[in-house]
Amino acid sequence: MAAAPEPIKKRRHARLAADIAQPVAALIIFVILWELICRAFHVPAYLVPAPSAIWTDTLKLAGPVAVHTLATTQTVLLGFLASLIVSLPLAVLITASPTIANTVYPLLVLTQSIPKVALAPILVVILGSNELPRVVVTFLVAFFPLVLSIAAGITAVPPELIELGRACRASKWRELWRIRLPYAVPFIFSGLKAAITLSVVGAVVGEFVNADRGLGYLIVTSTAFFQVPLAWGALVLLSLLGIILFQAVVIVEQVFFPWAIDSDKQTI
Amino acid sequence: MIVLDHVAKTFVTRGGEQVAAISDVSLEVRRNEFVCLVGASGCGKSTLLRLVAGLVAPTGGRVSIGGATVTEPRDDTGIVFQAPTLLPWASILDNVLFPLDMMRKLDASGRARARDLLALVGLSGFESKYPRELSGGMQQRAGICRALVHDPDILLMDEPFGALDALTREELTIELMRIWQERPKTILFVTHSIPEAVLLADRVVVMSARPGRVAEIIDVELPRPRDFDMEARSEFQDATRRTRELIFGGRSARAN
């Protein structure tokens, strides 16, 4: 299609600006209100610290906090990667035959019904006191919705396309690779968006139980020593980490699979 | 060319029940003939098309093309579905080339043929567009190109214009007749629309439902090339009236 005429383009820019400006403005107002209420009512910092206190206390320890943030990011990304690597073949297997689905599904549901917080200390005993149990907990928290959405995508292919593949006498493998998996891309991405958010949760759970670094570890230790503003700082960093990683997934989809965006809106 | 010899197809439902989709259908379609299958929903006309395509196997009788029994999908048939079902991630050109690619027969001559076909249906210049950028009618034109890209002798069309609006439908009907005139093929065309069937076909196969069987085969005597003005002619009127009578048993043909 031809490029959009100028006025429409301008209007689109204005709308984009509003889309960003409005939530940012709301956030700033929220922070200011928070600060004012803390000061006006003299809320003690060990209950709810003011934003300014969170800022200064976290900044004072900028170096160590950065190390903690990097440690958590690493756990999140490793766990996320593990869930992607495991979920893809698992979803393919589940959709391949009802027998496999009937065998694997109950096991999957079992892994989901176990409380991960309860499992974490046991994993530490099995896997040792290192990064591995944290990554495994992250993976266990994140992978399930990903398996479900990939499986849903693989089975959502219009029957006509499968018939077209069969009419071309394409092998099952080629049908999977050239029709089913590409068709599942929008579904895979909605699963990845859920998985990346859950990965942050999983990493923190892992760090609560066993870690010598990481933002989850920082929250546990700083609250133990009544450095509550620092714990809040870690909390803010965790949410920022979650938002940034989520947006990274969105950008990857927009750059590499622009065609999937439209259909994605229908799948969420 | 296509011979159906006492063909039957029974499906087994999930509950283990046997349902006869088609029973004892015999039909012969000549080379480059345009045959339309009409009938109420559930009369097995889509199943018949899939039997000829080799996508389903008959439970009785024999389907053959050029004397050879159909046991699997063949290279000399192309299919157009009701929905265009183009691949959303591929350009229009790649969509048209998709069957060649799946058959591992993609070469320069295939690409040239795909471009020719797109030109034939008026989609030159849209090769690198994506399906979502095209209207429903344009998508179905691309779907027809996709079915023709490996130059099949037989074109199987399963209610190809069923999902389109009435005006686009008339436009594509005329278009299909032009394509068929320029590149003669044997066409088996499934439709719900009696006027569409009569206007397009050399012969209209009227099917009755449950189980599906051939009620009657009507020869359409209209001269070619045809257009929608011919709907006023008596040959057209006779053929549509007869088809209606067969489908509705004469009861509702003059209900209004």
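The written sequence of each chain sets the order in which its residues are numbered from 1. Going through the entries in the order they are written, you letter the chains from A and number the ligands from 1. Only residues with pLDDT of 70 or above have their local features reported here, since the model is predicted, and side-chain atom pairs are shown and tallied only from 80 upward, although totals for entire chains, interfaces and linings are computed over all residues. Side-chain measures were taken over the full set of non-hydrogen atoms in the model, leaving aside hydrogen atoms and water.

Each helix is a run of H or I in the DSSP string that is no shorter than four residues. Each strand is a run of E no shorter than two, and both are numbered from the N terminus. Looking only at helices and strands, one finds 11 helices and 0 strands in chain A. The principal-axis extents of the C-alpha atoms in chain A amount to approximately 75 × 65 × 30 Å. Partly exposed residues are those whose accessible area sits between 20% and 50% of the maximum for their type, while under 20% is buried and over 50% is exposed, using a 1.4 Å probe and protein chains only. Classification of the 268 residues of chain A by burial places 42% in the buried group. Considering only intrachain contacts with a sequence separation of at least 6, the fraction spanning at least 24 residues in chain A is 73%. For chain A, the accessible surface area stands at approximately 14,700 Å², while carbon and sulfur atoms represent 75% of it. When charges are tallied, Lys and Arg are placed among the positive residues and Asp and Glu among the negative ones, while His and the ends of the chain are skipped. Where a charge lies is defined by one atom per residue type, namely NZ (Lys), CZ (Arg), CG (Asp) and CD (Glu). Separation between the mean location of the 18 positive side-chain charges and that of the 13 negative ones in chain A comes to 6 Å. Here, two residues are considered to be in contact whenever any of their heavy atoms come within 4.5 Å of each other. Under the convention used here, a 1.4 Å probe and the Shrake-Rupley method define accessible areas, while residue burial counts only the protein chains that appear.

Our focus in this paragraph is the sheet that holds strand β8 (residues 186-191) of chain B. Residues and elements named next belong to chain B. With respect to topology, 6 strands assemble into an open sheet ordered β6-β7-β8-β3-β9-β10, the strand pairing being mixed. Pairing within the sheet leaves two strands with one partner each, and these edge strands are β6 (77-80) and β10 (213-219). Between one strand axis and the next, the sheet turns through 20° on average, direction left out of account. The pairing of strand β9 (residues 203-208) with β10 spans 6 bridges and is antiparallel. Note that in β10 the partner of Val205 across the bridge is Ile217. One bridge is not enough; two strands pair if DSSP finds at least two bridges between them. Here an axis means a line fitted to C-alpha atoms, over the contact stretch when the element is a helix, while the angle between two N-to-C directions is reported on a 0 to 180 degree scale.

One finds Leu108 of chain A together with Leu4, Leu48, Val52, Leu156 and Leu188 of chain B to be the most contacted residues of the largest nonpolar core, which totals 90 residues. For this core, the element with the most residues is helix α8 (residues 172-209) of chain A, which contributes 14 residues. In this structure, Leu188 of chain B is in contact with Val29, Val35, Leu37, Leu49, Val52, Leu155, Leu156 and Met157 of chain B, ignoring residues within four places of it in sequence. Each nonpolar core is a collection of buried residues, namely Ala, Val, Leu, Ile, Met, Phe, Trp, Tyr and Cys, held together in the definition by side-chain atoms within 4.5 Å. Of all hydrophobic cores here, the second largest spans 48 residues; its members include Leu93, Leu148, Val204 and Val220 of chain B.

Moving on: the pattern of salt bridges. Residues and elements named next belong to chain B. Throughout this description, the term salt bridge denotes a Lys or Arg side-chain nitrogen within 4 Å of a carboxyl oxygen of Asp or Glu. Evaluated as defined, the whole model comprises 28 salt bridges over all chains. Taking the shortest distance from any N to any O, the salt bridge between Asp76 and Arg74 comes out at 2.7 Å. For Asp76, a relative accessible area of 16% puts it in the buried group.

Residue and element names in this part refer to chain B. Sheet architecture is open: 4 strands sit in the order β2-β1-β4-β5, paired in antiparallel fashion. The open sheet has two edge strands, β2 (18-29) and β5 (68-69), and neither has a second partner. Of the pairings in the sheet, the one linking strand β4 (residues 60-65) to β5 comprises 2 bridges and is antiparallel in character. When the bridges of β5 are listed, Ser64 appears paired with Thr69. The strands that helix α1 (residues 45-53) touches are β1 (2-12), β2 and β4; relative to β1, the one it contacts most, it runs at about 115°.

Our next topic: the domain arrangement of chain A. Accessible area lost on assembly of the parts is the figure often given for the size of an interface. What counts as a domain boundary in this text is fixed by an automatic or database domain assignment. Domains assigned within chain A are domain 1 (1-42) and domain 2 (52-267). One C-alpha centre belongs to domain 1 of chain A, the other to domain 2 of chain A; they are set 29 Å apart.

To continue, consider a nonpolar patch on the surface. In this scheme, patches are assembled from residues that exceed 30% relative accessible area and form no salt bridge. Like charges are connected within 9 Å, while nonpolar side chains (Val, Leu, Ile, Met, Phe, Trp, Tyr) are connected within 5 Å. Together, Leu16, Ile20, Val24, Ile28, Ile32 and Leu36 of chain A line one region of the surface with nonpolar side chains, adding up to about 570 Å² of accessible area. Looking at where Leu16 of chain A falls in the secondary structure, it is placed in helix α1 (residues 6-40).

The next point concerns the packing of aromatic side chains. Note on aromatic pairs: the rings of Phe, Tyr and Trp (six-membered ring only in Trp) are paired at centre separations within 6.5 Å, and the planes decide the class, stacked below 30 degrees, edge-to-face beyond 60, tilted for the rest. Taken as a whole and judged by the stated rule, the model has 11 aromatic pairs over all chains. Ring centres 4.7 Å apart and planes at 20° place the aromatic pair Phe139 of chain A and Phe143 of chain A in the stacked group. One end of the pair is Phe139 of chain A and the other is Phe143 of chain A, both in helix α6 (residues 131-155) and 4 residues apart, which spans about a single turn. Measuring from ring centre to ring centre gives 5.3 Å for Phe34 of chain B and Trp180 of chain B, while their planes differ by 80°; the resulting arrangement is edge-to-face.

All names here are of chain A. With their axes 9 Å apart at the nearest point, helix α5 (residues 116-127) and α6 run at an angle of 145° to one another. In terms of crossing hand, the pair formed by α5 and α6 is right-handed. For the pair formed by α5 and α6, the contact residues are Lys116, Leu119, Ala120, Leu123, Val124 and Leu127 on the first element and Leu132, Pro133, Val136, Val137, Leu140 and Val141 on the second. Its residues placed into classes, the contact of α5 with α6 shows 11 nonpolar, no polar and 1 charged. The hand of a helix crossing depends on one turn: near helix anticlockwise from the far one by less than a right angle means left-handed, and clockwise means right-handed. Polarity classes work like this: nonpolar for Ala, Val, Leu, Ile, Met, Phe, Trp, Tyr, Cys and Pro, charged for Asp, Glu, Lys and Arg, and polar for all others, with Gly in that last group.

Residues and elements named next belong to chain B. Contact geometry of helix α2 (residues 92-102) with helix α3 (residues 108-120) gives a least axis separation of 10 Å together with a crossing angle of 125°. Here α2 lies oblique to α3, going by the angle between them. Remark: the crossing between α2 and α3 carries right-handed chirality. Listed contacts from α3 to Ile92, Leu93, Val96, Leu97 and Leu100 of α2 are Gly110, Arg111, Arg113, Ala114, Arg115 and Leu118. Among the residues making up the contact of α2 with α3, the classes are represented as 7 nonpolar, 1 polar and 3 charged. Each angle gets one of four labels, with under 35 degrees taken as roughly parallel, over 145 as roughly antiparallel, 65 to 115 as roughly perpendicular, and the rest as oblique.

A word on the confidence of the model for chain A. For chain A, the mean per-residue pLDDT works out to 90, and 94% of the residues sit at or above 70. Note that residues 264-268 of chain A has pLDDT below 50 and, in this model, 9 contacts with residues that lie over four places away or in other chains. Every residue is assigned a pLDDT by the predictor, reflecting its confidence on a scale from 0 to 100.

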